[in-house]
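What the coordinates show
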Amino acid sequence: ASGETAPLYMLIGDDEVEKSAVADEFADMVEEGLRAFNVDRLYGWEIKVDDLVRATATLPMMAPRRVVVIMEAEKLLIPKRESEAAEEELRRLEEFLKAPPPHATTVFVCGSVDQRRRTFKLLMKEAHVVDCGTIGDAVDAERWVKARAGTLGVPLEAAAVKALVQRAGLDMVRLRAGLERVKQRRLEADD
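Summary of the structure given here. (Residues numbered from 1 in each chain as written. Predicted model: local features only at pLDDT ≥ 70, side-chain atom pairs only at ≥ 80, totals over all residues. Heavy atoms only, no water.)

What follows concerns helix α8 (residues 158–168). Turning to α8, its buried residues are Val-161, Leu-164, Val-165 and Ala-168. Looking down the long axis of α8, one finds its buried residues gathered within 95 degrees of arc, a one-sided arrangement. Counted as exposed and oriented over 90 degrees from the buried face of α8: Ala-159, Gln-166 and Arg-167. On its buried side, α8 packs onto α7 (138–152) and α9 (172–190). Positive backbone phi, at 75 degrees, marks Gly-169, one or two positions downstream of α8. (Buried < 20%, exposed > 50% of the residue type's maximum accessible area, 1.4 Å probe, protein only. Helix = DSSP H or I, 4+ residues; strand = E, 2+ residues; numbered from the N terminus. Arc of directions from axis to C-beta. Contact = heavy atoms within 4.5 Å.)

Let us now look at the state of the cysteines. Under the criterion given, the structure shown has zero disulfides. A disulfide-free cysteine, Cys-110 has its sulfur positioned 11 Å from the sulfur of Cys-132, the nearest such atom. Of the residues examined, Cys-110 reaches a relative accessible area of 1% and is grouped as buried. Since its relative accessible area comes to 2%, Cys-132 is described here as buried. (Disulfide = S-S within 2.5 Å.)

Each packed pair of helices is defined by two parameters, the angle between the axes and the distance between the axes. In contact at an axis separation of 9 Å, α7 and α8 are set at 120 degrees when each is read in the N-to-C sense. With respect to α8, the element α7 is oriented oblique. By crossing handedness, the relation of α7 to α8 is classed as right-handed. Every residue of α8 that contacts α7 at Ala-138, Ala-141, Glu-142, Val-145 and Lys-146 is listed here: Val-161, Lys-162, Leu-164 and Val-165. Its residues assigned to classes, the contact of α7 with α8 shows six nonpolar, no polar and three charged. (Axes fitted to C-alpha atoms, helices over the stretch in contact; angles between N-to-C directions. Parallel < 35°, antiparallel > 145°, perpendicular 65-115°, else oblique. Left-handed = near helix turned anticlockwise from the far one by under 90°. Nonpolar A, V, L, I, M, F, W, Y, C, P; charged D, E, K, R; others polar.)

Of all five residues in strand β1 (residues 8–12), five are buried; the element is thus mostly enclosed. Across the two faces of β1 the burial is the same, with Leu-8, Met-10 and Ile-12 and Tyr-9 and Leu-11 all buried. Two elements, β1 and strand β4 (residues 104–109), share four bridges in a ladder whose sense is parallel. Residue Leu-8 lies in a different strand from β4, and its bridge partner there is Thr-106. (Pairing = 2+ DSSP bridges.)

Our next topic: unusual backbone geometry. Phi angles above zero are rare outside glycine, and Met-62 is one such case at about 55 degrees. Its place among the elements puts Met-62 in the loop between α3 (49–57) and β3 (66–71). With a relative accessible area of 67%, Met-62 lands in the exposed category. Phi is positive for Glu-72, which is not a glycine, with a value near 50 degrees. Structurally, Glu-72 can be placed in the loop between β3 and α4 (74–77). With relative accessibility at 30%, the residue Glu-72 sits in the partly exposed group.

Moving on: the packing of aromatic side chains. Enumeration according to the criterion identifies two aromatic pairs in this entry. Ring centres of Tyr-9 and Phe-26 lie 4.7 Å apart, and the angle between their planes is 55 degrees; on these two criteria the pair is classed as tilted. Residue Tyr-9 is found in strand β1, and its partner Phe-26 is found in helix α1 (residues 16–27); the two are separated by 17 residues along the sequence. Across this residue pair, the class does not change: Tyr-9 and Phe-26 are buried. Between Tyr-43 and Trp-45, the ring centres sit 6.1 Å apart and the planes meet at 40 degrees, which makes this aromatic pair tilted. Taking the relative accessible area as the measure of exposure, Tyr-43 reaches 30% and is therefore partly exposed. Of the residues examined, Trp-45 reaches a relative accessible area of 45% and is grouped as partly exposed. (Phe/Tyr/Trp six-rings, centres within 6.5 Å; stacked < 30°, edge-to-face > 60°.)

Geometric values such as these leave the question of function open.
Below, the structure written as C-alpha cells:
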C-alpha cells in the first residue's frame, strides 16, 4: 500500500486466483498512465534469464520503481533439460537473485516447484515469500473467510464463518466458491 517494496518477491501456494490478484497489486503500485513504461509481465516458459535481467535493468520512467512480474516462474527456475547451456543460464539467474537492481521489484509467481533445487532454495532465501492459498488449520480458514467476506462486501456472523469452514474444509477453492455462493444468494435476496 505504501509503495515501498523489496527487490524480490516469490508468490507460492495452491490458489492461482490469489497469486494472480497479489501479482496485480504489485503492478497497481505504478500509476495507471505509467504502467506501459514501468511494468513488465513476462512468462517463465518463453523468456531467458537475459530477458529478465534486461527488463529489471531498465530504469523506471517518471515512477519510483519498475515492476517485473514473471508468471509461471517455475519454468524459468528449472531448466527443461540438463546441459552446459542450462547450467550457465542457472548461474546467471543465481547472480541476478544475489544482486537484483534496487530500482526494480521482481515478482516470481510460482506454480509447483521442486523445492530441493539450488535455484529455488536461493530464491527462498533472497526473496520475500508470500504464500497464497495454504491454510494450515480451521482458525486460519476462518480468518481468511472473514477477511475475504469483508472484501466482497458480504458480512458474515461467526457461526456462518464456522459453518462454511466446516463444510468446505481447508480447501481454498472450495472456501472461495462457498463465499461466492453466499454473495450470490445475498444479491438475489436483495432483488
